[in-house]
Protein chains: 2
Amino acid sequence: MSDAISTKGFWTSLAAKNGLSQDDLEALLSLPVRRRNLGAGASVARNNSPAKSCSFLLSGFAYASKLLRDGARQIVSVHVPGDFVTLSGVFEAPIVDEIRMLTPGTVASVAAGALHHVLASHPAIQTALWRQTAIDASIFSEWLAAIGRRDAQSRVAHLLCEFAVRLRAVGLTNGKAFDLPMTQAQLADATGLTAVHVNRVLNALRQTGLVATDKRTIAINDWPGLVALADFDSAYLGMD
Amino acid sequence: MSDAISTKGFWTSLAAKNGLSQDDLEALLSLPVRRRNLGAGASVARNNSPAKSCSFLLSGFAYASKLLRDGARQIVSVHVPGDFVTLSGVFEAPIVDEIRMLTPGTVASVAAGALHHVLASHPAIQTALWRQTAIDASIFSEWLAAIGRRDAQSRVAHLLCEFAVRLRAVGLTNGKAFDLPMTQAQLADATGLTAVHVNRVLNALRQTGLVATDKRTIAINDWPGLVALADFDSAYLGMD
DNA sequence: CGGAGGCTTGAGCCCTTTCAATGTCTGTGG
DNA sequence: CCACAGACATTGAAAGGGCTCAAGCCTCCG
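Residues numbered from 1 in each chain as written. Chains lettered and ligands numbered in written order. Predicted model: local features only at pLDDT ≥ 70, side-chain atom pairs only at ≥ 80, totals over all residues. Heavy atoms only, no water.

Undergrad: Explanation requested: helix 1 (residues 7-17) of chain A in the structure shown.
TA: Residues lying three or four places apart along an α-helix face the same way, a consequence of the helix completing one turn every 3.6 residues. All names here are of chain A. Buried residues of helix 1: Thr 7, Phe 10, Trp 11, Leu 14 and Ala 15, and no others. Along the axis of helix 1, the buried residues cluster in a sector spanning 130°; they form a single face. The exposed residues of helix 1 that point more than 90 degrees off its buried face are Lys 8, Ala 16 and Lys 17. On its buried face, helix 1 is in contact with helix 2 (22-29), strand 1 (34-38), strand 2 (53-59), strand 5 (84-86), strand 7 (105-111) and helix 4 (123-149). (Buried < 20%, exposed > 50% of the residue type's maximum accessible area, 1.4 Å probe, protein only. Helix = DSSP H or I, 4+ residues; strand = E, 2+ residues; numbered from the N terminus. Arc of directions from axis to C-beta. Contact = heavy atoms within 4.5 Å.)

Encoded structure:
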């Protein structure tokens, strides 16, 4: 797990991104954290145990999805190392049906009780978490526009653009290529398409010279072209 | 505007729903609020003026939408009286392209600065707002599943179910029927369909005896049937 | 009374799905 | 070292749900 970060690194980064004080940071660092190493496909949230907590990814990728009565699945978010996974889990039962690891990885969790205790005396920390939830909502609404109003090529291209930016932000790209550990069926569940059609779309993107793929590694050969096709503007990711 | 609520009523309701203390409530009531009466179609957010604020609907309906390069529109949320409209507007520039009134109504806003001042000393208030943002995110993700994985009838039925529940919660329904002041074109923009197809879907819902419509008034004649068609479960709305 | 926005309906097309089969890769066990 | 299984990727053919285009109608309002 060469790309793993530490709990301390996670909190430090959060503090830096939100301009938290040294006192705030120390409060975060003092929180009791439980680490778990999970395998690919493992469930991150324990549905039956109603213990509320807030968890984040130290390494590995995860996704959250909703299941429909007819068995269809919609992946509503994908989480990369350094992301919160269940942030609003502090409040109530998870709004999604399942949260699973895409790859092996490490999840850290803080019990809601301990967190609330810290938040009560550190408003700036709560603002930081609130802001993160707002960014999550922003990403949801961007996906909504993508799935509701873009065609298949545009949707897939948009997803690739988003991950290119997010992975670059956490240093998980060596210049041109990055790892997107999702099967085509999972990409389909994230874009509201079928696996067969995702395959054809990726084929088209390859033949147009926009991207190249090798296993689960994506190389973007024509960034401006992909951005244009996706109508992509990274503002909704709430970075810098 | 017989169904208008007051700013005081709004804060009191927020306090009640989140178990805020009397002290918290008084802090909310002391916030300087600007009220604006807007006509149908009026823009709620002033895109050019970067003044950050938090606003909510005292009366009337509004929607937030994203615009795509090709002119397509995706409505990502619809707001009913008593709802926050720009809650995450406290943080940065709005993530949506436009927020407009569906009907004439009154919008109240609190400047971000004044709000932050109160939040710094009232953690429970901030928690309440954060929780509301989490609910907004929950609704986004439910819409994501609807648009990504449900067929047209199911999507429209889902939207109708959601509004039936939300409007009942704020007392904007006289038993069986409620007002949904959206044109079919707007319903289409909210469900990721075309206006023509929404028309046909509504026709089908009428002919199946699930709903009856009169102008913009919707009467649900077969609630269990509509819920079944929509695969609807109101848990994601974060009520009770 | 005229115009504009919204609703309705029909016909044909097309993007995406469905169904089905084949190919590829990887790990496993004989 | 090969046979085998399972998961994933790929491809073709055909069907279909929703879209596009287009016309007609209704209703409200100035």
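Undergrad: Looking at this model, I keep getting lost on the packing of aromatic side chains. Mind explaining?
TA: Two descriptors summarise a pair of aromatic rings, namely the distance from one centre to the other and the angle between the planes of the rings. Scanning the model with the defined rule gives 16 aromatic pairs over all chains in all. An angle of 80° between the planes, with centres 4.9 Å apart, marks the rings of Trp 130 of chain A and Phe 91 of chain B as edge-to-face. Residue Trp 130 of chain A is located in helix 4, and its partner Phe 91 of chain B is located in the loop between strand 5 (84-86) and strand 6 (98-101); the two belong to separate chains. Neither residue differs from the other here; Trp 130 of chain A and Phe 91 of chain B are each classed as buried. (Phe/Tyr/Trp six-rings, centres within 6.5 Å; stacked < 30°, edge-to-face > 60°.)

Undergrad: Can you help me understand the pairing of strand 4 (residues 73-79) of chain A in this one?
TA: For a regular strand, side chains alternate in direction, first toward one face of the sheet and then toward the other. Residue and element names in this part refer to chain A. Most of strand 4 sits inside the fold, with 6 of its 7 residues counted as buried. As defined by bridge partners, strand 3 (residues 62-67) adjoins strand 4 across 6 bridges and the pair is classed as antiparallel. Bridge pairing in strand 4 links Ser 65 to Ile 75. Where strand 3 hands over to strand 4, the hairpin turn is made up of 5 residues, of which Gly 71 adopts a positive phi near 95°. (Pairing = 2+ DSSP bridges.)

Undergrad: Where do I start with the sheet that holds strand 3 of chain A in this structure?
TA: Note on sheets: strands pair through backbone hydrogen bonds, and any given pair is parallel or antiparallel. All names here are of chain A. Pairing is antiparallel in the open sheet, where 3 strands are placed in the order 4-3-6. Of all strands in the sheet, those with a lone pairing partner are strand 4 and strand 6 (98-101), marking the two edges. On average, each strand axis in the sheet is tilted by 25° relative to the strand beside it, whichever way the strands run. Pairing of strand 3 with strand 6 involves 4 bridges; the strand directions are antiparallel. (Axes fitted to C-alpha atoms, helices over the stretch in contact; angles between N-to-C directions.)

Undergrad: Quick question: what am I supposed to make of the sheet that holds strand 9 (residues 211-214) of chain A here?
TA: Residue and element names in this part refer to chain A. Read across the sheet, 3 strands follow the order 8-10-9 without closing on themselves; strand pairing throughout is antiparallel. What marks the edges here is a single partner per strand, and that holds for strand 8 (177-179) and strand 9. Averaged over all pairs of adjacent strands, the angle between strand axes in this sheet comes to 25°, irrespective of strand direction. The pairing of strand 9 with strand 10 (residues 217-220) spans 4 bridges and is classified as antiparallel. Bridge pairing in strand 10 places Val 211 opposite Ile 220. Of the strands in this sheet, strand 8, strand 9 and strand 10 are in contact with helix 5 (residues 152-169), which crosses strand 8 at around 95°.

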